[in-house]
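Take a look at the letters that make up each chain.
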Amino acid sequence: MGQVASRAARNKAGNEWVCLAMMKVIKTLARVLLGGALMMAGVGHLTDARQEFQAQVPVWLPLDPDFVVVASGIVEILLGLSLLTVGWVVPWAGLVTALFFIAIFPGNINQYVEGIDAFGLDTDQARFIRLFFQPLLVLWALWSCVSLKLIRRLTNRQKSETK
C-alpha cells in the first residue's frame, strides 16, 4: 500500500512539473509573439503606416504628430527587443510595456471620439470595440513576463519600509 501511495505522489509531482514547464513555454511564446508584434508596429511607425499612426495622435497633445509617431515607433522597437531578452530584465520589460500600453490608450480614445478612420477601423462600433483590446495587451505583457510577481515584490518592499 505504501509503494502505491509513493508512486502516486511521484506521478502527481511529475504531472505538476510538466504543467509548470508547459506554462513556462506558453508564457515565453506569448512574450516572444508580443515582442515581435511590437517591433513590427514600431517599424510601421517609421515607414509605411506612419500617416495612419499620425491620425491616432490626440488633437489636444501639444506635440508634432510626426514626432510622436516616430518617437513611439522607436520605443515600440526597443520594447519589442526587451521582451526578447532573458533573466531579470523580462519582468521589468513587461511592466514598462504594460505602462506604455496605458500611456498610448488616449490615442485610441481620441480615434473613437474624433471618428478617425485608420487601420481598417472605419465605423464607430469598430473603434469602440478596439478600446477593449488595450487592457488585454496590458494583461498580456504583465502575464507573459511574470511582471505581476515583480509588482507584488515591489509593493511588499514598500509596505515593509513604511513600517
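Our structure's up above, just so we're on the same page.
What counts as what
Residues numbered from 1 in each chain as written. Predicted model: local features only at pLDDT ≥ 70, side-chain atom pairs only at ≥ 80, totals over all residues. Heavy atoms only, no water. Helix = DSSP H or I, 4+ residues; strand = E, 2+ residues; numbered from the N terminus. Rg over C-alpha atoms; globule rule 2.2 N^0.38 Å. Buried < 20%, exposed > 50% of the residue type's maximum accessible area, 1.4 Å probe, protein only. Contact = heavy atoms within 4.5 Å. Areas by Shrake-Rupley, 256 points an atom, 1.4 Å probe, with all protein chains shown as cover. Lys, Arg positive; Asp, Glu negative; His and termini not counted. Charge placed at Lys NZ, Arg CZ, Asp CG, Glu CD.

### Section: the overall build of the protein
Then comes step 1: Of regular secondary structure, the protein possesses eight helices and zero strands.
Then comes step 2: In the protein, the order of α-helices and β-strands from amino to carboxyl end is α-α-α-α-α-α-α-α.
Then comes step 3: Relative to the globule expectation of 15 Å for 163 residues, the C-alpha radius of gyration of the protein, 21 Å, shows a markedly less compact shape.
Then comes step 4: Counting only C-alpha atoms, the protein reaches 75 × 45 × 30 Å along its principal axes.
Then comes step 5: The buried share of the protein, reckoned over its 163 residues, is 29%.
Then comes step 6: Contacts in the protein between residues at least 24 apart in sequence constitute 70% of all its contacts with a sequence separation of at least 6.
Then comes step 7: When the accessible surface of the protein is totalled, it reaches about 10,600 Å², and 70% of it is carbon and sulfur.
Then comes step 8: Considering the protein, the positive charge centre built from 15 side chains and the negative charge centre built from 11 side chains are found 26 Å apart.

### A few points about unusual backbone geometry
Then comes step 1: Of note in this structure, Phe119 is not a glycine but carries a positive phi near 60°.
Then comes step 2: Among the structural elements, Phe119 can be located in the loop between helix H5 (105-114) and helix H6 (124-131).
Then comes step 3: Judged by its relative accessible area of 35%, Phe119 falls in the partly exposed class.
Then comes step 4: Despite not being glycine, Val146 shows a phi value in the positive range, around 55°.
Then comes step 5: When you line up the elements, Val146 lands in the loop between helix H7 (133-144) and helix H8 (147-161).

As far as function goes, none of this settles anything; it's purely spatial.
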